[in-house]
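Architecture at a glance
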Amino acid sequence: MNQRNNLVIGIIIALVVAASYNVDANPIDFFEGLPNLAIVAEEMTQVDAELFGTAFLSMFETIQMAFIGTIVGVAISLPLSMFAARNLNSKFVYAPVRAILAAVRTFPSILWAILFVIMVGLGPFAGVLAIIMYTVGFVAKLQYETIETIDADPMDAVSSIGVSKWQLIRYVVIPESAPHLLSQMLYMFDYNVRQTSILGLVGAGGIGFYIINYIKFFEYGKAAVFMIVVLVTVLIIDWISLKIRDKYIVKSQHGMEVTAK
Amino acid sequence: MKQLQMTSPSSFSQITTQKIIQMNDVWTSYDSKSYALKGINISIDRGTNYAIVGQSGSGKSTLLKLMNGMMTPSKGTIKVDYQTPNVNNKKFKLMMHKIGYIPQSLGLIKNLTVLENTLIGSLPRLGKFQSMFKIFPEEEIQEAKKILSQVGLGGKEERKAYMLSGGEKRRVAIARAFMQKPTILLADEIVSELDHHTAREIMNLIADAQKRLNLTAIMVHHDMQLALEYANRVAVIKEGEKILEIGVEGDKIVDFQTGDFTTQEIMEMYSDESKK
């Protein structure tokens with residue numbers, strides 16, 4: 001038993017070493033490169049405080065993009081997830097819907113952004129569209145997986161009354177999966193803010209546009225301003241979503257100990 | 001002789017119309033190797049309070065699911081009000097709202113309120129548009145509130161289901177079933193986890209409604225004592241077979257259909273359960 005474990009660990013280590021060789025991943029380069037990082041870090045400390053105004057404005061734009069993308073994306077993914085759930089549909093319905101969703105998910109958001117920049121031109125709208133696509137691909141998957149794990153008993157109990165499928169969705173599936181959907185929305189918004197921050201790299205609007213341009217011109221001090229703003233924003237959003245989660249989700253999941261006021 | 005000829009056809013037809021549920025040599029299997037039910041014959045008169053008693057895994061929950069079409073037998077025939085229970089049977093689908101079903105886990109929607117959970121029982125009567133937007137007619141809401149106060153939940157209509165105690169949850173599930181205006185009520189071990197006192201409160205609730213509405217109640221029990229107390233007919237299921245069926249009148253056992261046991265023996269067989 002132990003010997004077999006050792007063999008498996010040995011094989012994994014060997015594979016990592018072999019793969020590292022193939023991709024030129026050399027730890028020596030990493031340590032030799034550390035001084036370069038120190039130079040960048042030092043320049044970054046020379047923060048250009050005058051840019052904070054611009055940084056906040058572009059962060060605000062980024063948040064708005066992520067907000068639209070998340071809400072519209074979730075709105076589109078909700079009906080799709082109903083069609084993709086195996087416990088609600090026949091194979092002929094869920095299989096094609098799942099295939100489409102899988103195809104949508106194959107593209108990272110930055111590729112969607114490039115595609116939409118070509119389609120609608122440079123600017124935030126392309127970014128919003130990219131975020132929508134990415135959100136649809138992911139939330140629909142998370143949501144149909146949630147629907148499939150809904151307790152079979154309420155489904156059985158209510159469908160045995162002889163209700164229609166739409167009534168079953170409206171009165172069992174949606175209420176039972178709603179806390180998960182809220183949690184997924186928060187997660188997705190959080191994630192989309194971070195994502196949108198880099199969509200500027202391909203000209204799809206948002207704060208990333210500034211970061212990439214300042215880095216291109218070696219103005220690390222200016223780029224640092226924008227990175228600080230992203231960091232602070234993400235921390236704040238994290239904190240807010242934690243509060244929402246505590247208030248609405250944890251309670252209904254482990255509702256047994258909660259007594260009415 | 002003449003008199004007998006006169007009476008027998010009419011009494012015969014009376015007997016057949018009385019039978020609301022008939023199961024004939026019913027076999028079910030979860031896989032090809034083993035059977036959950038082995039050749040069950042059951043016939044239940046309209047208005048009976050019928051109890052099915054057996055230990056865990058004896059196949060008694062399966063019996064209920066066969067009666068409301070949630071499962072289909074691998075062999076044998078079932079008729080519920082002359083229809084074969086199957087969700088794909090259009091005629092049966094139209095009468096499904098007449099069968100109230102309370103699974104062991106109750107099947108409440110935990111994020112909906114007590115009132116909403118109860119109103120679910122009226123969904124088969126509600127139009128497409130109204131049900132999409134949760135627009136329930138005022139008389140249905142009043143009916144739901146009336147039923148809720150009957151089951152002892154008056155004033156708790158707006159509570160979310162997950163906030164309720166075990167006994168209260170059972171009352172909501174019963175209210176939902178009553179809201180269907182059922183002729184048959186199927187209940188799967190809904191009082192097993194309750195204390196003695198609460199269990200009897202719930203059972204009385206069902207017994208009252210059963211007499212008032214001429215319901216046919218089919219209740220699965222773990223506890224023989226409880227079955228003998230409330231049912232007029234008790235079937236005992238063991239390892240997928242019906243080993244005994246008895247009629248009960250007050251505290252007297254009036255007839256045996258299968259098996260050869262005395263009252264004493266029946267209680268002794270289930271003494272482990274009753275002590276609990």
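Residues numbered from 1 in each chain as written. Chains lettered and ligands numbered in written order. Predicted model: local features only at pLDDT ≥ 70, side-chain atom pairs only at ≥ 80, totals over all residues.

Attention shifts here to the overall build of chain A. The helix and strand inventory of chain A stands at 10 helices and zero strands. The helix and strand sequence of chain A, counted from the amino end, reads α-α-α-α-α-α-α-α-α-α. With the C-alpha coordinates aligned to their principal axes, the bounding extent of chain A is approximately 70 × 60 × 50 Å. Buried positions account for 36% of the 261 residues belonging to chain A. The contacts of chain A with a sequence gap of at least 6 include a subset with a gap of at least 24, amounting to 72%. (Helix = DSSP H or I, 4+ residues; strand = E, 2+ residues; numbered from the N terminus. Buried ≥ 20, exposed ≤ 12 C-beta atoms within 10 Å, placed from the backbone. Contact = placed C-beta atoms within 7 Å.)

Once that is clear, we can look at the overall build of chain B. When helices and strands are counted, chain B shows 11 helices and 10 strands. A buried classification covers 45% of the 276 residues belonging to chain B. When contacts within chain B are restricted to residue pairs at least 6 apart in sequence, long-range pairs at least 24 apart make up 65% of them.

Residue-level contacts link 23 residues of chain A with 26 residues of chain B. When contributions to the side of chain A that touches chain B are tallied by element, the ones reaching two or more residues are α7 (152-159) and α8 (165-199) of chain A. Here the side of chain A that touches chain B gets nine residues from one element, more than from any other, and that element is α8(A). The residue inventory of the side of chain A that touches chain B, partitioned by class, reads 13 nonpolar, six polar and four charged. (Nonpolar A, V, L, I, M, F, W, Y, C, P; charged D, E, K, R; others polar.)

Turning our eyes to something else, we now look at helix α2 (residues 60-67) of chain B. Residues and elements named next belong to chain B. Within α2, seven of the eight residues are buried, leaving the element largely enclosed by the surrounding structure. Every buried residue of α2 is accounted for by K60, S61, T62, L63, L64, L66 and M67. Within two residues after α2, G69 carries a phi angle of roughly 80°, on the positive side.

All names here are of chain B. Read from one edge of the open sheet, three strands run β2-β1-β4, paired in antiparallel fashion. Edge strands, defined here as strands with exactly one partner in the open sheet, are β2 (35-45) and β4 (75-80). Ignoring which end each strand starts from, the neighbouring axes of this sheet average 15° apart. Pairing of strand β1 (residues 19-29) with β4 involves five bridges; the strand directions are antiparallel. Considered in β4, the bridge of W27 is made with K75. (Pairing = 2+ DSSP bridges. Axes fitted to C-alpha atoms, helices over the stretch in contact; angles between N-to-C directions.)

This part is about unusual backbone geometry. Unusually for a residue other than glycine, A:D24 sits at a positive phi of about 60°. Along the polypeptide, A:D24 turns up in the loop between α1 (2-22) and α2 (27-45). For B:D81, which is not glycine, the phi dihedral falls at a positive 50°. Summarising the element assignment, B:D81 is placed in the loop between β4 and α3 (90-95).

This brings us to the nonpolar core. By size, the foremost hydrophobic cluster in this structure holds 122 residues, and its most contacted members are A:A130, B:L186, B:I218 and B:V234. Among the elements that make up this core, the one with the highest residue count is helix α6 (residues 124-148) of chain A (14 residues). Apart from the residues lying within four places of it in its own chain, the contact partners of B:L186 are B:L64, B:M67, B:N68, B:I99, B:G100, B:Y101, B:I102 and B:I218. Ranked by size, the runner-up nonpolar core spans 16 residues in total, among them A:F209, A:Y210, A:A223 and A:V230. (Core = buried A, V, L, I, M, F, W, Y, C linked by C-beta atoms within 7 Å.)

What follows concerns the pairing of strand β3 (residues 49-53) of chain B. Residue and element names in this part refer to chain B. Of all five residues that make up β3, five are buried, and the element is covered over most of its length. As paired strands, β3 and strand β8 (residues 233-238) are joined by four bridges and run parallel to one another. In the strand pairing of β8, V53 is matched with V236.

Position of A:Y171 relative to the elements: it lies in helix α8. The residues contacting A:Y171, other than those within four sequence positions of it, are A:V158, B:I109, B:I120 and B:L123.

The next subject is the confidence of the model for chain A. Considering every residue of chain A, the mean pLDDT works out to 87; 95% of them sit at 70 or more. Every residue in residues 255-261 of chain A scores below 50 in pLDDT, and together they form eight contacts with partners more than four places removed in sequence or on other chains. (pLDDT = per-residue confidence, 0-100.)

Residues and elements named next belong to chain A. The residue E61 is located in helix α3 (residues 52-84) in this model. A residue is classified by how many C-beta atoms lie within 10 Å of it, and E61, with 18 of them, is partly exposed. As a C-alpha pair, E61 and S197 span 136 residues in sequence and 9.8 Å in three-dimensional space. When near neighbours in sequence (up to four residues on either side) are disregarded, E61 contacts P124, G205 and G206.

The next subject is helix α4 (residues 91-106) of chain A. Three or four residues apart is the spacing at which side chains of an α-helix point the same way, because the helix has 3.6 residues per turn. Between its first and last C-alpha atoms α4(A) spans 22 Å; for 16 residues at 1.5 Å apiece the expected length is 22 Å, and the two agree. By the criterion of burial, α4(A) is predominantly exposed, with just one of the 16 residues buried. (Expected span 1.5 Å × (residues − 1).)

Turning our eyes to something else, we now look at the packing of α7(A) against α8(A). Residues and elements named next belong to chain A. Contact pair α7 / α8: the axes reach a minimum separation of 10 Å and the direction vectors enclose 165°. As far as their axial angle goes, α8 and α7 are roughly antiparallel. In the packing of α7 onto α8, the handedness of the crossing is right-handed. Contacts from P154, M155, V158 and S159 of α7 reach α8 at L168, Y171, V172 and E176. Split by residue class, the contact of α7 with α8 holds six nonpolar, one polar and one charged. (Parallel < 35°, antiparallel > 145°, perpendicular 65-115°, else oblique. Left-handed = near helix turned anticlockwise from the far one by under 90°.)

With that settled, consider the packing of helix α5 (residues 109-120) of chain A against α6(A). All names here are of chain A. Running from N to C, α5 and α6 point in directions that differ by 135°, and their axes come no closer than 8 Å. In terms of axis orientation, α5 runs oblique to α6. By crossing handedness, the relation of α5 to α6 is classed as right-handed. On α6, the residues touching S109, W112, A113, F116, V117 and V120 of α5 are F125, A126, G127, L129, A130, I131, M133 and Y134.

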